[in-house]
Amino acid sequence: MAEWTRRRFLQVAGGTTAAVGMLGFGANAADEGASEAAVAGEANALTDGPGTTAPIDYERARAVPTICFGCTTHCGVIGWVQDGRVRKIEGNPLDPNTRGAICSKANGMISYTYAPGRIVHPLRRVGKRGEGKWKRIGWDEALDEIATRMKAVRDAGTPERFVFHYGRDKTKGFTKRFTNAFGTPHRLNRRSICSSNRRAPLMSFYGREFEWESQDFENTDFILNFGSNVMEAHQGGLFMVPRIMQARVDRGAKLVTFEVRPSATASVSDEFHLVKPGTDGAIALAMAHVILERGLANEAFWNRWANYPLDDLRKHLAPYTPAFAERESGVPAAEIERIAIAFARAAPRCCTLSNRGSAKHYNGTQADRAIRMLDVLVGNVGKPGGFCLSTLRMWKNRYGQEGLPVIDQPGPAPAEPEPWKPGTPMFASLPAEVRERVAAFPPDWQNRYFGELATPSEYPLSWHWYSMRVGQLVYPYIREGRQKVDVYMSYTLGASYGYPEAALAREVLLDEKLIPFHVAIDISYSEQAALADIILPDATSLERWDAHSTNNYGLVPYTGIRQPLVEPLGEARPVQIMLRDLARRIGGGMEAHFDFEDLEDYYRAWYANVPISWEELKRRGIWYDEKRPKDYGLHEREVPASELGGSVTDPETSIVYRDDSRKAAIGIRVEDRVLRGFDTPSRKITIHEPLFPLAARHTGLPLDDVNAAALPVYQPVPGHDDLADDELILTTFKWNVHTQGRSSYWKHHAEIVHTNDLFLSPETGRRLGVETGDEVDVVVRRPRGRTYRSGEEEPVGSFRNRVRLLEGMHPRVAACSHHGGHWEHGPVARAQAGEEPRPSVGLSEALGQEDPDVPGRIWWARSRGGPGGGVAINDALPINPAPLVGGQCWFDNVCRLKKA
């Protein structure tokens, strides 16, 4: 473990770390309705927990660099350890992304490591599943039982009946090593719940390696933001915010935001335009129309790097006028035109920014394609201050990574499972309708098809570029019998609380005929873990090793290491050790892929090619080549001569292939030079994407559906164009101090934001006859369009919540965060004060240490006159995957409100 004193750390760092203040709206540390006694006074102030009342002695404390896991941004941080306990988290100034900044979620790692509801011993249920009766058991007993069941599944020749379903897995492929070694394709993620609708456009345009963009914010002059709340809740937001603010201060950069509510980002923007949800694509296409009509497009860049003729695009965009966009969005046509002109004139020092606000709609994939097209039109791609693409990681020497060390897992990698293509036994086991669909797939799709859970045939673009899955359909598909399950293992997954129609997930998890055996690997006693047969306690991010690398907004590839600051509490173990020991018990060759004893040795071998010593990497926590030029214009870089030996150039497309097989393109010939180009089949930016109509034809999606278009198009969200007078669009959002519903048991974060009131505009309040503090019943109807159970008359569900009127809300929008209303995760998440008993029999024997604040100082509990812990709304939100890509349309919900 790397150990620094504070003095030594500051000498190396060259100064103190910086902190970035994230803004929120309507935060409720002093909620309306909470008693004065509950919110004031030293007696109610929360502490850092047991053993933390004394100040940190920085001469005695140890500083250990690691990688934060307060959210999926993964910032480099420094943890201060004193008396065997992590006392404080600061930023690591050597991290080229954050440059020493942190947000509040970094110190949330301390909260969840020492949470009173944390599980630190294995448990087996002794009552009915979900009844809450448990018995503490030893690791050998737990692993032996799990391995016996898994071995029986594998020995029976049905390894696919083992399903590994994760929520947050940052082991960088370690769990995939385990599932591949076992022989199952069912390593399921939650990408569709999160970001697949915005990743698909990026990968379609620029290639598999660019699922996330890296705008050069610090050098830009104009940021055009469609629905990103980057100042508060955006993956990578902490990398972006300081650079955006730097450009605004140093360069006078403008930030223009289109939003449905006064988000933290909208509130600090130079311009904030209210839009009707789901109409961002109309605005972006109208801006493209203006840029072409005004002669502001960078024709040289377009003709060199786009795969579609500009004259044909001009015809395609003819109907998308600013007047059209005004009718759809409510944004005045003159404003759309003015902003489009200003954006184009700022080129190349301009860039677009988008996130769930534009993407999490039925038409969201096409909306983001339209937004991405604006950057191509003005020619800012890969330019200083523009829309840049930085290589994501140093894994396996992929695109544009010449001169970087190869960083990958040590030891022999297990083979991938065999695809379920026609003629295989697994194909024969599929339902007839599915067999017919898959049999008609192109051969390259058939070679990547692994059944309906891993590669749902109705959503082929959820797994075309890489496996984004369609997580919200896992439980419906299991219930329908599309996949039999013998052993189900959930890993830090919160589906039974946080998935849309979460009650359906709970129904399936409680059915022992559908899920005969459920193992939950988790830190806390979550709603998911409560429905398991065996619970295995995982080490937290402060107690474990992980590899790390992500895209860098400083535009230089880098890597870092998550290392343990302290030993795991109780008997908690890192998941890597659990899977290693299971592989050894199951045998049959699995053990060969987990031939290590010490995790540090394993990661030392993983990072063997980094050109600094292992001890130096641990001491710094981060490595990158400081002399490497920034990743500007990767597409214009020449392919090294070492790669051109034996290469073949296609005379019609100018694509350069590695050899005569023409399977691997390495570049494109441009003016007698072989350039890297983009990581796409044409080596150009794929404006015209034939995959969308191809996928539509193979899945029966009408070709006039918005999702079937080869070019970016706009159509209204089904059901939004004819809203009844008493209907609103219900949207969700994230708070700056929370990580979805995962952080509601972090006590300091819960103290700041513990409820999830329903926000309405004052105009809407007057129309409905409700005021702040009133309670309303919210009834959500089924969505329309080609999606799950669309058009059914019976509502999805309902919930009752408290209203908060807020200026700046769109009058047809209701907004409610989806983090509140937990019934598990311990007393903090449940806002449970007083001396209430533990929720489950036998559970207390497996929990971590007590906390003097819990439950006595949970002042927001209703029993103490506070507002409580919020309302669980996810049961009422419909399963609504967008066609082809499968991303959950979180922001398309249509509801009716009635005063309670």
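Check the entry above for the structure.
Criteria and thresholds
Residues numbered from 1 in each chain as written. Predicted model: local features only at pLDDT ≥ 70, side-chain atom pairs only at ≥ 80, totals over all residues. Heavy atoms only, no water. Helix = DSSP H or I, 4+ residues; strand = E, 2+ residues; numbered from the N terminus. Rg over C-alpha atoms; globule rule 2.2 N^0.38 Å. Areas by Shrake-Rupley, 256 points an atom, 1.4 Å probe, with all protein chains shown as cover. Lys, Arg positive; Asp, Glu negative; His and termini not counted. Charge placed at Lys NZ, Arg CZ, Asp CG, Glu CD. Buried < 20%, exposed > 50% of the residue type's maximum accessible area, 1.4 Å probe, protein only. Contact = heavy atoms within 4.5 Å. Axes fitted to C-alpha atoms, helices over the stretch in contact; angles between N-to-C directions. Parallel < 35°, antiparallel > 145°, perpendicular 65-115°, else oblique. Left-handed = near helix turned anticlockwise from the far one by under 90°. Nonpolar A, V, L, I, M, F, W, Y, C, P; charged D, E, K, R; others polar. Polar contact = N/O pair within 3.5 Å; in protein donor to acceptor, adjacent residues only side chain to side chain. Core = buried A, V, L, I, M, F, W, Y, C linked by side-chain atoms within 4.5 Å.

Enquirer: Explain the overall build of the protein here, please?
Expert: When its secondary structure is counted, the protein shows 30 helices and 27 strands. Expected size for 900 residues packed as a compact globule is a radius of gyration near 29 Å; at 27 Å, the protein falls within 12% of this value. Dimensions of the protein, computed from C-alpha atoms along their principal axes, come out at roughly 70 × 70 × 65 Å. Within the structure as shown, the protein displays about 30,500 Å² of accessible surface, and the carbon and sulfur contribution to it stands at 49%. Charged side chains in the protein number 110 positive and 114 negative. The centres of these two groups are separated by 2 Å.

Enquirer: What's the story with the environment of D721 in this structure? I'm lost.
Expert: As for its placement among the helices and strands, D721 is situated in the loop between α27 (691–699) and β22 (727–731). Looking at D721, the relative accessible area reads 55%, which means it is exposed. Considering only alpha carbons, one finds D721 and E328, 393 residues apart in sequence, at a separation of 8.7 Å. When sequence neighbours within four positions are dropped, the list of residues in contact with D721 reads K276 and P716.

Enquirer: Can you help me understand the packing of helix α10 (residues 280–293) against helix α16 (residues 364–378) in this one?
Expert: When two helices pack together, their arrangement is given by the angle between their axes and by how far apart the axes lie. Direction vectors running N to C along α10 and α16 enclose 25°, while the axes themselves pass 8 Å from each other. As summarised for this structure, α10 and α16 are arranged roughly parallel, according to the angle between their axes. In the packing of α10 onto α16, the handedness of the crossing is left-handed. Along the contact surface, α10 presents G281, A284, L285, M287, A288, I291 and L292, while α16 presents A367, A370, I371, M373, L374, L377 and V378. When grouped by side-chain class, the residues that make up the contact of α10 with α16 number 13 nonpolar, one polar and no charged.

Enquirer: Help me understand unusual backbone geometry, please; the structure alone is not making it clear to me.
Expert: Excluding glycine, most residues fall at negative phi; most peptide bonds, likewise, are trans. Residue P348 follows A347 across a cis peptide bond; omega there is 5°. By secondary structure assignment, the location of P348 is in the loop between α14 (333–345) and β11 (350–354). The omega torsion across V854 and P855 is 5°, close enough to zero to call that bond cis. Assignment of secondary structure puts P855 in the loop between α30 (827–830) and β27 (893–899).

Enquirer: How should I be thinking about the side chain of H165 in this particular structure?
Expert: By the element assignment, H165 lies in strand β6 (residues 162–166). Classification of H165 by relative accessible area gives buried; the value is 0%. Of the polar contacts made by the side chain of H165, one reaches the side chain of Y488; its length is 2.8 Å. A polar contact is formed between the side chain of H165 and the side chain of Y499, at a distance of 3.3 Å. Aside from chain neighbours lying at most four places away, what touches H165 is L188, N189, V474, Y475, Y488, M489, S490, Y491, L493 and Y499.

Enquirer: Would you mind showing me how to read the environment of W859 here?
Expert: Locating W859 in the fold gives a position in the loop between α30 and β27. In this structure W859 comes out as buried when scored by relative accessible area, which is 4%.

Enquirer: Just checking my understanding: could you explain the nonpolar core for this structure?
Expert: One broad trend across soluble globular proteins is that nonpolar side chains are buried collectively. Formed by 94 residues in total, the largest nonpolar core has its most connected members in Y206, L224, F258, M287, V376 and I687. Sort the elements by how many residues they give to this core and α10 lands first, with 10 residues. Residues contacting I687, with those up to four places away along its chain left out, are F205, W302, A306, N307, Y308, R369, M373, V376, A710, L711 and P712. Formed by 69 residues, the second largest nonpolar core is a distinct cluster that contains V438, L504, F799 and V871.

Coordinates in, geometry out; function isn't part of it.
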